[in-house]
Amino acid sequence: MSNVILIANWKMNPKTSVEAKKIFSGIQKDLVKMNGVDVCICAPTIFLPELSKLLKSKKVSLGVQDVFYEGTGAYTGQTSPEMVKPFKVTHTILGHSERRELGESNEFVARKVHYAVSKGMTVVLCVGERERTDEGGYFTFIRDELEAVLSGMKRADLKKIMIAYEPIWAIGKRAEEALDVTSLYEMVLFIRKILTEHFGRAPAQKVPILYGAAVKVDNAPQFIAEGGVNGLLVGSASLDPKQFIGISKAIVTKK
Ligand code: PEP
C-alpha cells in the first residue's frame, strides 16, 4: 500500500526564518521515526535557502505555494520553477483558492501547471467551490477548474499531478465545520470520473487525490479511512509541529 501524502501549506507564515526552521525541524525530527507517510512542506519562498539546509530525510520534501509560467523575464514579483529548484524544491501548490481570489483565472492556473510540470515539478493542483447549494452547481464548478488544466495535458504528465480538493467555505474553520466524509467520497469519485474521461481508467487511478480544509487531529483519520483520498493538505495545523505530527500519527494508524 502506498504511503499517505501530507502536504503542509504554511501560507504567509511564520514571520521569521528562525521560527520557520524551528517548525520545520520539529516536524522532521518526529517524522523520521514514522513509516507510512510522505510529507511535503510548502513554505514561503524566502525561507527556502535556510530550510533546504535542514532537509535530512526522504520522508520530507520541500515545496512552494506558487510558481510562474516562465523561467526568467519582465514579470515583477514572480518566481520561476528554475529559481526554486536549486533549493531542493520538488513540489508546488498551484491554483490555491486564496490566489484565485486575487484574480487568477482557470486559464492562468493551467498555464502555470503545464510549465511547472514541464520543468519536472510535482504540482498540487487545488480545486474547490465557494459554496454548496442543493442544485449541485458546485460539481460543474469543479469540472471547469479541472478541465482547464487537464485538457492541455499529456497523459505522461499526469504522473506529476496531485489534485487537492479544498471546499473554500471550510478553509480555516474548526474540525466540526469541515466537509462530511460521505460528501468527500462523492467528490473523490467525481474527480476520478473526470480524470478517467480524459486519460483512461488506469492512469486516472494513479493520480493522488487529497482533501484540504479544516483538517485537524480529530477528523484526519476519518478522511483517510472513509473519504477515498490518498492524503491531506493541511493549512493552519501544519504550523504547529505537535498538531501536525499528531495528524501524521493518527492517519498512519488508520491506513
Ligand atoms: C488551505 O488553505 O490550504 C488549508 C488547508 O487551510 P486550513 O487547513 O487552515 O483550513
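Presented here is a report on the structure given in the accompanying data block. Note that the coordinates shown come from a computational prediction; the quantities given were computed from them, not determined experimentally.

### What to know about the site of the ligand
In the vicinity of the ligand, 13 residues are found, and the nearest of them are K11, H96, E166, G172 and A214. Here an oxygen atom of the ligand and a side-chain polar atom of E166 are 2.8 Å apart. The contact in question runs from an oxygen atom of the ligand to an N or O atom on the backbone of G172, over 2.6 Å. Within the complex, 99% of the 300 Å² of free accessible area of the ligand lies under protein. The residue inventory of the shell around the ligand, partitioned by class, reads 5 nonpolar, 5 polar and 3 charged.

### Observations concerning the nonpolar core
The biggest cluster of nonpolar side chains holds 77 residues, and the ones touching the most others in it are V113, Y211 and L232. The greatest single-element share of this core, amounting to 9 residues, is contributed by helix α7 (residues 181-199). Beyond its immediate sequence surroundings of up to four residues, Y211 is in contact with Y165, P167, A170, A178, L179, L184, F223, V229, G231, L232 and L233. Counting residues in each nonpolar core, the second largest holds 11 residues, with I5, I93, C126 and A164 among its members.

### What to know about the pairing of strand β7 (residues 209-212)
Of the two faces of β7, the one lined by I209 and Y211 and the one lined by L210 and G212 are each fully buried. Both strand β6 (residues 161-165) and β7 contribute to a ladder of 3 bridges, which runs parallel. Along β7, the bridge assignment pairs Y165 with Y211. Note: β7 against strand β8 (residues 231-234), 3 bridges, orientation parallel. Of the residues in β8, the one forming a bridge with G212 is L233. With helix α9 (residues 220-226) bridging β7 and its parallel neighbour β8, the resulting β-α-β unit is right-handed.

Conventions we followed
- Counting restarts for each chain, with residues numbered from 1 along the sequence as it is written.
- Only residues with pLDDT of 70 or above have their local features reported here, since the model is predicted, and side-chain atom pairs are shown and tallied only from 80 upward, although totals for entire chains, interfaces and linings are computed over all residues.
- Excluded from the side-chain calculations are hydrogens and water; all other atoms, namely the structure's heavy atoms, are used.
- Note on definitions. A residue lies near a molecule or strand when any single heavy atom of the residue is within 4 Å of it.
- Definition of a polar contact: a pair of N or O atoms within 3.5 Å, with one able to donate and the other able to accept a hydrogen when the atoms are protein atoms, and with sequence-neighbouring residues admitted only if both atoms are side-chain atoms.
- Only the protein chains shown count as covering a residue, and every accessible area follows the Shrake-Rupley method with a 1.4 Å probe.
- Here the nonpolar group is Ala, Val, Leu, Ile, Met, Phe, Trp, Tyr, Cys and Pro; Asp, Glu, Lys and Arg are the charged ones; every other residue, Gly included, is treated as polar.
- For our purposes a nonpolar core is just a set of buried Ala, Val, Leu, Ile, Met, Phe, Trp, Tyr and Cys residues, chained together by side-chain atoms within 4.5 Å.
- Accessibility here uses a 1.4 Å probe with only protein chains present; expressed as a share of the type maximum, an area under 20% marks a residue as buried, one over 50% as exposed, and anything in between as partly exposed.
- Numbering goes from the N terminus for both helices and strands, where a helix is a DSSP run of H or I of at least four residues and a strand is a run of E of at least two.
- Here, two residues are considered to be in contact whenever any of their heavy atoms come within 4.5 Å of each other.
- What makes two strands pair is DSSP finding at least two bridges between them.
- Crossover handedness is defined by viewing with both strands directed away from the observer: a clockwise path from the first strand over the helix to the second marks the crossover as right-handed.

In short, geometric facts, not functional conclusions.
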